[in-house]
Structures are given as structure tokens and as C-alpha cells.
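Analysis of the macromolecular model
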Amino acid sequence: MHLNDSTLNRQIDQYDAAPTAPLGAAGLLKARLGFSRTKDLLPYLDYNAVQRDQNPTGNCWVWVGTGLMEITHQVEDGIRDPLSIQYFDSTYHGGSGPNWAGNGGTLADFVGFYQQQKIAVPASNPNASFQDNTYWCNDNSRAWVRASDIATDPNYPITSIQEQKIPTRDVGTEAAIANIKTVLDSNRGVYFAFRLPNERAWNDFNRFWLEGNQSAVWNPGLYDGVAWESWSGGSHAVLCVGYQDTDPNNRYWIMLNSWGTALGNRPNGLFRVKMDIDYDAAFTSSRSIPATEWESIDMAYGSSPQPVLTVGPYTTHTVPCRVEAEDYDYGGENVSYYDISDGNSGRVYRNDDVDIEQTTEAGGFNVGWIRNGEWLQYTLEVPDAGDYEMLIRTATPVAGDQIVVNVDGQGAGTVIIPKTGLFNQYTNVTLPVTFSAGRHMIRLTFVGDRQNIDFFEITPDIPAEQGVLDGRLALESIPSGASVFLDNVLAGMTPLTIPSLRPGTHHLDIAKSGYQTRQLTTVIKSGQTQQVNVSLQRSYPAPYVNHTLPTVIEAEDYNLGGELVGYHDTTPWNEGAVYRNDGVDIEPIRTTGGYKVCWIRDGEWLTYTAVIPQAGDYTVTFTGCSINSGSTCTLSIDDTELTMVSLPNTGSSDRFGTVQRTVTLPAGVHLLKLSFTGRQDVDHLQFDAVETKVPVSPTTTGTTAPILETPVASPSETPLVKPTPSVTPGQPQSLPGQIQAEDFDAGGEMVAYHDTTPENLGESYRDEGVDIVYNPVDGSNSVTAVETGEWLRYPVSVPESGVYKAGFRVAANTSGSIIDLQIDGSNLSAVQVPDTRSLSSFTWITRQIWLPAGQHMLRLNFNGPSSIDAIKISQ
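A brief report on the enclosed structure follows.

Cut-offs and rules
- Residues numbered from 1 in each chain as written.
- Predicted model: local features only at pLDDT ≥ 70, side-chain atom pairs only at ≥ 80, totals over all residues.
- Heavy atoms only, no water.
- Pairing = 2+ DSSP bridges.
- Helix = DSSP H or I, 4+ residues; strand = E, 2+ residues; numbered from the N terminus.
- Expected span 1.5 Å × (residues − 1).
- Buried < 20%, exposed > 50% of the residue type's maximum accessible area, 1.4 Å probe, protein only.
- Contact = heavy atoms within 4.5 Å.
- Phe/Tyr/Trp six-rings, centres within 6.5 Å; stacked < 30°, edge-to-face > 60°.
- Lys NZ or Arg CZ within 6 Å of the ring centre and 35° of its normal.
- Patch = residues over 30% accessible without salt bridge, like charges linked within 9 Å, V, L, I, M, F, W, Y side chains within 5 Å.
- Areas by Shrake-Rupley, 256 points an atom, 1.4 Å probe, with all protein chains shown as cover.
- Salt bridge = Lys/Arg side-chain N within 4 Å of Asp/Glu carboxyl O.
- Lys, Arg positive; Asp, Glu negative; His and termini not counted.
- Charge placed at Lys NZ, Arg CZ, Asp CG, Glu CD.

This part takes up the sheet that holds strand 21 (residues 438-447). Strand pairing within a sheet occurs via backbone hydrogen bonds; the two strands may be parallel or antiparallel. The strand order across the open sheet built from five strands is 13-16-21-18-19, with neighbouring strands paired in antiparallel fashion. Looking along the sheet, the strands with just one partner apiece sit at the ends: strand 13 (337-338) and strand 19 (410-416). Pairing between strand 16 (residues 375-382) and strand 21: eight bridges, direction antiparallel. Paired with Leu 376 across the bridge in strand 21 is Leu 444.

Here it is as C-alpha cells:
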């Protein structure tokens, strides 16, 4: 979690103000004398490391606080029940906005929430399982589930809850260790928050987490005394669940993370932290920033914390309907189900003894690990009496297993499950059933030890007319080659004719890679052919950043969706460990700021969903470099190749070149794809609408002064509307805001600016040496024809320190020009100005910068010919 100055100060102040945890004399003495050697609180937690994954959502503090509550529940009340993370996310601060749970918080914030709510909600309640592990939640600062959709009954009442800090500062290493041990020995978990001061430190920790295993020990003391960087320093919280002190040369704390399994390297989601560290470690800034914080909670649940079980339907099922196997009724053991084993072996969806797992067939869940004699019960509402057909979707690797169906306690029949060969290879079995109108109870009793059930369907039974042949189904799709699933069984690919099909209602799923799956219901009539024609809509991955052409597409802003959806990468993690946390390798650009996609290998690709308002010809400028000869980069749209380029081999991965191509693009929403052969690095692609250039003749001859062009607005670019300048030179301009390039400081040559010519060759706006030209199209001015060594400065006022977005509206008639941005003499960022083919054809280039609070001096240093119109600073 990145921390701005105000958030950081608030966190430190909250911790300092927290009450101190009481440490019993006997336990403290035991710890200090070295009698406490090992401790493990994991037996008091019921968790699944695969599911315990916050992904991009910054709610680690919620996972840790919830873990503390779960341990207390088991220790104090004997109740082992995971609590809902989603309930907290969706309810805290309304579940959205800048202060939603995914933007970070502290144990004090967590405790304050439950002091208000006074209930804990089981994760097994409807819609209470964690669903905020998406980039959508992160990008939109809001929970995926509305609080009103989460069932809060049953719940566990909370009598009291309090944050308590553990004394670790100014007490010495051994005393700090003894204090933490004492809390753990009392069967209370510990909230461990650590801070890292800069991007390099976070890269080191990310590599430790991803590449290490559960026996690797991390030393957080490596950065003691390092300067804190406000733009990259941050914090993370994990749950300390024990320690090992038997080996004096390898003493460590045991930490449970909320980052999943590290691609399988940490199957239990654990890592170790070195015990022998400096607990007073801090980072230098305007105030001392502690590196670690150790806390716990003191809480009590109500006198009868076990909620009253609800009896009845888990989900309303009204015939005709599909009933998912995992949606059995409420009521618990021997009421709505009977299961031989304790606990949910799959640890997903519901938290009782029925074993549920994620199905590999079509998403969702199935009931598995079924044993002989187990059963499940469902409540159905039947509006119309009549004969129905029951279709059961099931799988088994063996022969002979059966399912006995009872309706309202009476036997309705038995189905024999054919051997499918695998647990995840399903088939359909059917059984006729008769219902009267009203509510009915269906019980499925399993015979045999090895079967899975996905769902069952109840549909009206429509018998064929006597002496009439079955019906036919003819199905075509645009595009063709789509897979057709008939009643959930693969029937073939379009165009497709099924010559003999039982009359009645049938379900169709038409699926093709890259297109939205169509789900249809069709009625087959005896002796007739039913023709079905389907047009499939192309499916586009959700964009990480919205791209509307003309624009610059940064390579690292590829689509969401993950491996084989938004991208394909040959390694499972980000080897650069910056910007995004998936398999694409991203690292900072040292020379110009921003990021690039690197470590590219044969066959890798990236996709971008783009909006193209107007069809036509576009110039595409590829910026990057080849690492070896023969490397190519192919740009395609909707699987149709547009162009192939070889990026320049510049001799260094830190130096980029450009290649331009002209392509024809259709209007609408489309999928752009970059496919790679060979090693190369890619910075960005710039799309500009092809326009007819207006030639500009020089107004004077016989002079060595540069020719100044009158800007002509591109028809593809909305003119930048700027008011009549009202800035007084020498007065600080307030940021965030827009700085016009011509509004540089007062003071003259070598004070406010440096220009190689003594007069304003553009003859506009100011009577000094800076060359300013007036643009009659949008009624504004720009600084133009700058040369290497020239510079401009601007006094600014920044109300709050933090990371800002800096947009530069620039132009150049050659490649290689660079504009460096400085603050008070220190470099902030560099902008590589693309070749826009004219000093008056502007484009926006965006960079992230860090600005400190207060009054400062910005300076632009120019290297190479270019023009600059404005700088826009935003948060």
C-alpha cells in the first residue's frame, strides 16, 4: 500500500496512541528466560491459501484483523468459522470512494469498524465470500458486492473489541522478542505491519515472496536508516501466527500472508521473518518513520456466539429450473445434508461439512469427495402439476455408482451413473418425475464412493406423438466454427445438423474463442426441423487503461484478464516486479521515466482494447529497441495482421528508437495485439490520424534563424481551448493545474530562461528572447524552435506532497529530442519527444512525478529541437 504524507502521519499517530497490551508477569518471565521455544496458532485458523489472496486490492489489513478475530473465536468459544472479508469491504465507508477498504487502513480503523457494527458475519453467508480480488475494484475504488446483498443473518455478536500495541521500541531486542512471544503464547495472533522505504526494497521483498519457499527467512532490517521516498515507500500487514526459537542461529517469526500461494512456491501462504532484528529500525524523513509495528486485539463475543441455524432453501428454485448441487438447503448436518467427513474439503463457497470445489468444466462449483450414503436436500417450488424430466449432470471414474432420488420422502427412482473416466468429465443422466403443484423436497442419496455432481435440471416432459419421428436441429453461426453444447454436452461445431432429437425444450450454448458465448433455449417439435441462426458478438478483454484513438498506448497498460486473455508471457511472474503484479515483465525506464515491457521472448503477446471513433489511415509510431537481430513485433487488429516491424537495435536496452508505419483502421471497439519474435523491449505505441500537412513558407530569407511554423490543428485532435493568459510572471502558479509554456518566470536571460537567440523570433506574447508563436486556430501561444541547452523555469506552489500525473503537450520535427523536468535543481522526469513531423503538430506525453509540498521552482531543460505548448499537472 503506497502512503502519502498525511496517511503515513495518521498511521504513526494512531499506533502511538494505542493502548498497550497487558503482559502477564508469569508469561513474560517465561519468555525472557527462554522457556518459550515454539508456537503455532495455525490449528486455530480455518483457511485456504489459494482463496486467501487479496490480489490487487489493498485490503491486507482487513485480512490480518479478521484472522485475529477468527483465532479469538476458536480459542475463547471453540468456534472455528472463517469470517467475511467481503462484509467488511462492502460496508466500510459505504464500500466505495477514496477511503474504501481496498485503499488501505490500520488495525485501529479495523477495530473502530467492528466497535460500530457489533457483529461478525460468517464467510459462508450468501454473497459473503471474498469477491473483491479484481482489478475493477482496484481501479474503481469500490467493492464488487453491495453491502445490502450480503446476508448478515446468521452472525456472531461482538461484546467488545480493542486495539493493543505490543511494546517493541526503546526496550531492546530481547525484551521486544519476549513481549511478542508472550502475546502469542496466550493464544492471540499478532498484527505485524512493516514498511519499506523505496521501490528497490519492495522489488527485493516481491522477489523473496515469489521466488522463495516457506523455509526462506526474510530480514526486514536491511533498510534501516534509508531515506524514505514518498512516491514509492509503502506498508503491508501480515498475520504473525507463531515462532521458532529452538535454533539460536535461525530464530524466526511465522507469518501468514494474504497473497495466495506465490504460484505454488508457498502452498500454505506462509513466510518467515528473522527474529533477531533491530525493533527500533526507522527510515529518515521529516519525521522518523518506524519500520515495523506489532499489535494485537482484545475482544469478546456474545454469550451465545453460535448463531441459530436457518432451515429452508439456500436459493429459491422454481420449476422449471436448474439447481446447482452446492445450493442445498439450510439446516446443517442431518437436516439439509449428511456428510461423513468433517469440514468442506474444497474450502470454497460454503463453510459446513459438504465438500465443494471449483468445477473445471464451465466455471462455478460442484460437490465432490462424495462417499457412500451421503445425501443432499433441496426445496423446489412447482407452479403447475404434471410430468417432468430430471436431468442430473454428474461424473465418475468408475462404474456402478448410483443416485437415489426421493420426493417428499417417497422414492422417485434411481439413476445409474455411466463411467466417464475422470472426475471432471461429466455426462447427463435422466429420470422422469411427477409433481403436484406446490412446495416439494428433493433428496439425492449417493450410492458409491467416487462421484461428483455439478447440477440437476427439472423441465416439463413433452412426449413425442405416437408414430411421429423425432425432430431435427439445424444450426449456423456467424462466424462459423463455434462449438455447440446441446443440453451441456458437446454436440459439434457450426454449421451443424442434428438429425434426431427428442421433442421438447433443449438448451444450447454456442461458444467460440474471442466471442461472447450465446445461451439459447429452443423447442424441438416432432417431425419438424428447427433452424437456428446465431450471430456471435466479439468479446474484448476489459482494458487496464481506456484507449481512444488517436492516443499513446503505453506497452505496460495491456488488457486485464491475465494469462492467455490479456497477455501471454513465458514466465509466471513479473521479473521487473514493478507497476503490475502478474506475468508480464515490466521495469522502469531509467533515462526518461515511466515503464517498459522487457525480457520479451518468442511467442509472447499483449492485447489492448481500443476505441476508434473514426475509420481511416493512422500513423503508428513504435518506440522501443531490439536486443538481438531478427526480432520482430507484429501489430494486428481482431486477429488480422496490420503490420510487422523490427525495432531499432540501439546497442542498449536503455536507449530507444522509433519505427513508423501507416495502417488503415475501422471505427468501433477493436482488439489490438502485439505479437513478438525475438528479444526486445517496448515502451509505447503512438497512434496519430493521417492528415494533410499545410506547408509553411519562411517569411524571411537570408538568415540562419530557425523557421517558425504557424500551428495547424490536427483534424483528429480536439483543439486545446486555453483562456487568455492572466499569469503574472514571477508569481507562483498553483498546482494541480495547467502551466502554459510561455508563462515562464520573470527575470530575463540566465535568470528565468536561456535562449540562444536574443529576440523572440515568433514575435508573440512577450518581448524577451524566448521564441513564442501564436496559434490562431485555438487562440493560444506556444514556445517553439527550442534548441539544445535552452531552458525555462516556473515558480509553483504545491499544497500536498504526493505522486502526480504530468502531461506535456509537445511537438518535434525529428526524433531523439528530450525535455528534462527538474524541481529545485533535482531531476523529476524526462520526456522523449516523438517525431510528430512538425514543430506545430502537438501530442500529449504523460509521466508520473513526485512533488513535495511548498513553493518550488520547476525547470525545463531542452536537448534537441522541439516545441512545447503546456504542462498539465493532475492527481
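Next comes the rest of the write-up.
Side chains of residues three or four places apart in an α-helix project in the same direction, reflecting 3.6 residues per turn. Given a rise of 1.5 Å per residue, 13 residues ought to cover 18 Å, and the 18 Å separating the end C-alpha atoms of helix 8 (residues 199-211) matches this to within 8%. When helix 8 is considered as a whole, its buried residues turn out to be Ala 201, Trp 202, Asn 203, Phe 205, Asn 206, Phe 208, Trp 209 and Leu 210. Next to the buried residues of helix 8 lie strand 4 (190-196), strand 5 (217-218), strand 6 (234-244) and strand 8 (270-274).

Next up on the list: the packing of aromatic side chains. On inspection of all chains with the given rule, the structure shows 37 aromatic pairs. Ring geometry for Phe 194 against Trp 202: centres 6.0 Å apart, planes inclined by 35°, an arrangement best described as tilted. Accessibility classification places Phe 194 together with Trp 202 in one group, the buried group. Each ring, one from Phe 205 and one from Phe 208, has its centre 6.1 Å from the other, and the planes form 35°; the classification is tilted. You can see Phe 205 and its partner Phe 208 sitting in helix 8, three residues apart, about one turn around the helix. Accessibility assignment for this pair places Phe 205 and Phe 208 in one class, buried. When the ring centre of Trp 375 is taken as origin, the NZ or CZ atom of Arg 443, which lies over that ring, is 3.5 Å away. One Lys or Arg, Arg 580, reaches over the ring of Tyr 558 and ends 3.8 Å from the middle of that ring.

Attention shifts here to a negative patch on the surface. Taken together, Asp 170, Asp 224, Asp 278 and Asp 280 make up a surface patch of like negative charges. Its place among the elements puts Asp 278 in the loop between strand 8 and strand 9 (282-283). Its relative accessible area of 38% is what places Asp 278 among the partly exposed residues.

Turning our attention to unusual backbone geometry. Of note, the amide linkage connecting Asp 153 to Pro 154 takes the cis form, showing an omega dihedral of 10°. A cis geometry characterises the amide bond from Leu 735 onward to Pro 736, with omega recorded as 5°. Along the polypeptide, Pro 736 turns up in the loop between strand 42 (733-734) and strand 43 (737-740). Even without glycine at this site, Asn 334 takes up a positive phi of about 65°. On the secondary structure map, Asn 334 appears in the loop between strand 12 (321-324) and strand 13. Classification of Asn 334 as exposed rests on a relative accessible area of 55%. A positive phi angle, close to 55°, is found at Asp 408, a residue other than glycine.

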